[in-house]
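# Structural overview
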Amino acid sequence: MEMTADHDLPSGVDIAMLLRRAQLRKQLACEAALAQVGLTLPQWGMLYAVAIEPDSSTHALALFIGQSDQSAGAVVARLEQRGLLERRPGAGKAILHRITPEGDELVRRCNIIVEDVMTGLLTGLTDQSLRTLRTSLQSIAEAALPASTRSDAGRAASDDLSGPSGIRSATRP
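First things first, this report covers the structure right here in the doc.

The rules we used
Residues numbered from 1 in each chain as written. Predicted model: local features only at pLDDT ≥ 70, side-chain atom pairs only at ≥ 80, totals over all residues. Heavy atoms only, no water. Helix = DSSP H or I, 4+ residues; strand = E, 2+ residues; numbered from the N terminus. Buried < 20%, exposed > 50% of the residue type's maximum accessible area, 1.4 Å probe, protein only. Contact = heavy atoms within 4.5 Å. Areas by Shrake-Rupley, 256 points an atom, 1.4 Å probe, with all protein chains shown as cover. Core = buried A, V, L, I, M, F, W, Y, C linked by side-chain atoms within 4.5 Å. Phe/Tyr/Trp six-rings, centres within 6.5 Å; stacked < 30°, edge-to-face > 60°. Salt bridge = Lys/Arg side-chain N within 4 Å of Asp/Glu carboxyl O. Axes fitted to C-alpha atoms, helices over the stretch in contact; angles between N-to-C directions. Left-handed = near helix turned anticlockwise from the far one by under 90°. Nonpolar A, V, L, I, M, F, W, Y, C, P; charged D, E, K, R; others polar.

Moving on, we come to the overall build of the protein. Scanning the protein from N- to C-terminus turns up seven helices and three strands. Going from the N terminus to the C terminus, the protein shows its helices and strands as α-α-β-α-α-β-β-α-α-α. Within the protein, the proportion of its 173 residues that are buried is 27%. When contacts within the protein are restricted to residue pairs at least 6 apart in sequence, those whose partners lie at least 24 apart make up 52%. Here the protein displays about 10700 Å² of accessible surface, and carbon together with sulfur accounts for 56% of that area.

Counting 26 residues, the largest nonpolar core has Trp-44, Met-46, Leu-47, Leu-79 and Leu-85 as the members making the most contacts within it. Those elements giving two or more residues to this core turn out to be helix H1 (12-34), helix H2 (41-52), helix H3 (58-65), helix H4 (69-81) and helix H5 (101-122). Contact partners of Leu-47, with chain neighbours within four places excluded, come to Leu-39, Leu-79, Leu-84, Leu-85, Ile-99, Gly-103, Leu-106 and Val-107.

Throughout the structure, instances matching the rule amount to two aromatic pairs. Pairing Trp-44 with Tyr-48 gives two aromatic rings, centres 5.5 Å apart and planes at 35°, and the pair type is tilted. Residue Trp-44 and its partner Tyr-48 are both found in helix H2; the two are separated by four residues, about one turn of the helix. Taking the centre distance of 6.2 Å and the plane angle of 15° together, the rings of Tyr-48 and Phe-64 count as stacked.

Applying the stated criterion to the full structure yields four salt bridges. Notably, a salt bridge pairs Asp-55 with Arg-98, separated by 2.5 Å at the nearest N-O pair. Here the residue Asp-55 occupies a position in the loop between H2 and strand E1 (56-57), and Arg-98 occupies one in strand E3 (residues 95-99), the gap between them amounting to 43 residues. Asp-55 gets classed as buried once you look at its relative accessible area, which sits at 13%. The partner of Asp-104 in a salt bridge is Arg-108, with the nearest N and O atoms 2.9 Å apart. Of this pair, Asp-104 and Arg-108 both sit in helix H5, separated by four residues, roughly a single helical turn. Classification of Arg-108 by relative accessible area gives exposed; the value is 52%. Several salt bridges share partner residues, and in doing so they unite Asp-55, Arg-88 and Arg-98 into one network.

This brings us to the packing of H2 against H5. At a minimum axis distance of 9 Å, the contact between H2 and H5 shows a crossing angle of 115°. The element H2 and its partner H5 pack so that their crossing is left-handed. Along the contact surface, H2 presents Trp-44, Leu-47, Tyr-48 and Ala-51, while H5 presents Gly-103, Leu-106, Val-107, Cys-110, Asn-111 and Val-114. A per-class count over the contact of H2 with H5 returns eight nonpolar, two polar and no charged.

So this is what it looks like as structure tokens:
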């Protein structure tokens with residue numbers, strides 16, 4: 001890993017590549033495990049997001065799962081066709097989402113699957129390392145948001161309204 005001259009720290013490029021490699025390997029492991037129940041990682045992410053923040057807009061869900069509005073809309077449509085999500089009109093053009101009982105049951109099963117995968121991937125990290133990792137990833141995710149969204153997300157986090165999701169600030173009309 002290349003170190004910067006000033007502080008003997010890894011460069012931003014090195015960290016970006018490490019994050020990318022870790023994300024890809026996590027994605028492959030989760031995709032393989034979720035395939036057992038007929039879901040993809042983005043589909044599970046959408047079900048998870050809707051389960052913890054019902055009545056969220058497609059845009060808010062897209063931000064949460066890291067997809068474009070168009071991609072998130074396609075995922076929602078597939079999940080709705082399977083009877084796992086319901087959509088209803090919100091304020092203005094917003095479409096709000098709720099999980100169905102079938103979707104809730106499936107997301108609970110998937111949460112266990114993903115938890116098992118992540119437990120395997122994170123084996124060897126101490127509790128303190130896991131807390132530091134979470135804090136660091138939250139900081140990176142926050143810094144990567146557009147400035148207008150960042151202030152809302154930071155306020156929601158400081159109000160402890162967003163819980164682990166961080167999407168509440170972008171969900172309500």
